[in-house]
Amino acid sequence: MASTLKLHGRIDFLVNNGGGQFSSPANMMSAKGWKAVIDTNLNGTFLCCREAYNAWMKDHGGVIVNIIADMWKGFPGMAHTGAARAAVDNLTKSLAIEWAHSGVRINSVAPGTIISKTAMENYKEYGPTLFKMSVPFSPAKRLGVPEEISPAVCFLLSPAANYITGATLKVDAGQSLYHSIWEIPEHDAWPEAPEGENTDVLREIMDKTKSKL
Ligand SMILES: CCCCCCCCCCC/C=C/C(=O)SCCNC(=O)CCNC(=O)[C@H](O)C(C)(C)COP(=O)(O)OP(=O)(O)OC[C@H]1O[C@@H](n2cnc3c(N)ncnc32)[C@H](O)[C@@H]1OP(=O)(O)O
Ligand SMILES: NC(=O)C1=CN([C@@H]2O[C@H](COP(=O)(O)OP(=O)(O)OC[C@H]3O[C@@H](n4cnc5c(N)ncnc54)[C@H](OP(=O)(O)O)[C@@H]3O)[C@@H](O)[C@H]2O)C=CC1
């Protein structure tokens, strides 16, 4: 922030876009790995917001946009980033209220799965498979590209959004409303429903369905 102020003399906008994660089942994540992702996505965002506010926006106003993710149905396979991005969604709302009196607007953008060379390279040899796997889960039946996210960010930064703060704009072609990518294997580990006539009906329809198969 200090070097930006030195160079430009003001900070009108802050976009917290830097971030990422690795894919792993939650039970295999080390404490260090969990912390690295929380530090990058949540703590980094908080610290950048705080610094921009204290260094400039507190006295001059400004606009902040936080990039989060499609974690609205949880984020199985990337639980650390899901937790961090959900926390940023909430942080955005808190700061919108705390900093309104300074003329600061702050909103989030939640992209669906967005393909780019650089994003894919982070996942090494698994990148193409991981991104391709997401295609059927987009109502658009294709992935988005960064050029479809930046207009939303620019809109929120612009005076056209002067009356918008504390909001999250999903730019995901409806992905967050559609299926989860996470497969739950067939299992019988769930606790039984309590005995009674409704459970009898449940058993009956399940038996009938089975006999048809
Ligand atoms: C299987 C189904 C999954 C769901 C499918 C979803 C479909 C895909 C949707 C994709 C949507 C999102 C896309 C994007 O976000 S694109 C942006 C892509 N960019 C990134 O992801 C950047 C990735 N990298 C980082 O952000 C950082 O490197 C990271 C935060 C991961 C680590 O940062 P840091 O430099 O602070 O830490 P270290 O590298 O030193 O690592 C610290 C410890 O973290 C653990 N770790 C790190 N990488 C991995 C890994 N690849 N696998 C497992 N564990 C990892 C590890 O414990 C590190 O400590 P050690 O090195 O000492 O072991
Ligand atoms: N692509 C997607 O499907 C989605 C992406 N997002 C998020 O959008 C943002 C942009 O990602 P995208 O453009 O797709 O991917 P990229 O990998 O191209 O961009 C990620 C950027 O984050 C920077 N970064 C990572 N860790 C840190 C850190 N600790 N400190 C500072 N910068 C860091 C990287 O810097 P460097 O190049 O120096 O490593 C890189 O410029 C990320 O937060 C990402 O998680 C959210 C939802 C979906």
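These numbers come from a predicted model, not from an experiment.

K.L.:
What is the right way to read the pattern of salt bridges from this model?
P.N.:
Once the charged atoms of two side chains with opposite charge are near each other, the side chains can pair. According to the stated counting rule, one finds eight salt bridges in the structure shown. Across the pair Lys117 and Glu121 runs a salt bridge, and its minimum N-O distance is 3.3 Å. Taken together, the residues Lys117 and Glu121, both in helix α4 (residues 117-121) and four residues apart, mark about one turn of the helix. Here the salt bridges do not stand alone but share partners, grouping Glu195, Asp200 and Arg203 into one network.

K.L.:
I would appreciate a short explanation of the sheet that holds strand β3 (residues 104-111) in the present structure.
P.N.:
In a beta sheet, neighbouring strands are held together by backbone hydrogen bonds and run either parallel or antiparallel to one another. Sheet architecture is open: four strands sit in the order β1-β2-β3-β4, paired in parallel fashion. At either margin of the open sheet sits one strand with a lone partner, and together these are β1 (13-16) and β4 (168-171). Pairwise comparison of adjacent strand axes, ignoring direction, gives a mean angle of 20 degrees for this sheet. As paired strands, β3 and β4 are joined by four bridges and run parallel to one another. Residue pairing across strands places Ala110 opposite Lys170, the latter belonging to β4.

K.L.:
When you look at the pairing of strand β2 (residues 62-67) in this model, what are you seeing that I'm missing?
P.N.:
In terms of burial, β2 is largely enclosed, as six of its six residues are buried. Burial along β2 is two-sided: the residues Gly62, Ile64 and Asn66 and Val63, Val65 and Ile67 are all buried. Pairing of β1 with β2, which is carried by four bridges, proceeds in the parallel orientation. Bridge assignment links Val15 to a residue of β2, and that residue is Val65. A crossover connection joins β1 to the parallel β2 through helix α2 (residues 31-60); in handedness this β-α-β unit is right-handed. After leaving β2, the chain enters helix α3 (residues 79-98) and then returns to the sheet as β3, a path that is right-handed.

Thresholds applied
Residues numbered from 1 in each chain as written. Chains lettered and ligands numbered in written order. Predicted model: local features only at pLDDT ≥ 70, side-chain atom pairs only at ≥ 80, totals over all residues. Heavy atoms only, no water. Salt bridge = Lys/Arg side-chain N within 4 Å of Asp/Glu carboxyl O. Helix = DSSP H or I, 4+ residues; strand = E, 2+ residues; numbered from the N terminus. Pairing = 2+ DSSP bridges. Axes fitted to C-alpha atoms, helices over the stretch in contact; angles between N-to-C directions. Buried < 20%, exposed > 50% of the residue type's maximum accessible area, 1.4 Å probe, protein only. Right-handed = clockwise from strand over helix to strand, strands pointing away.

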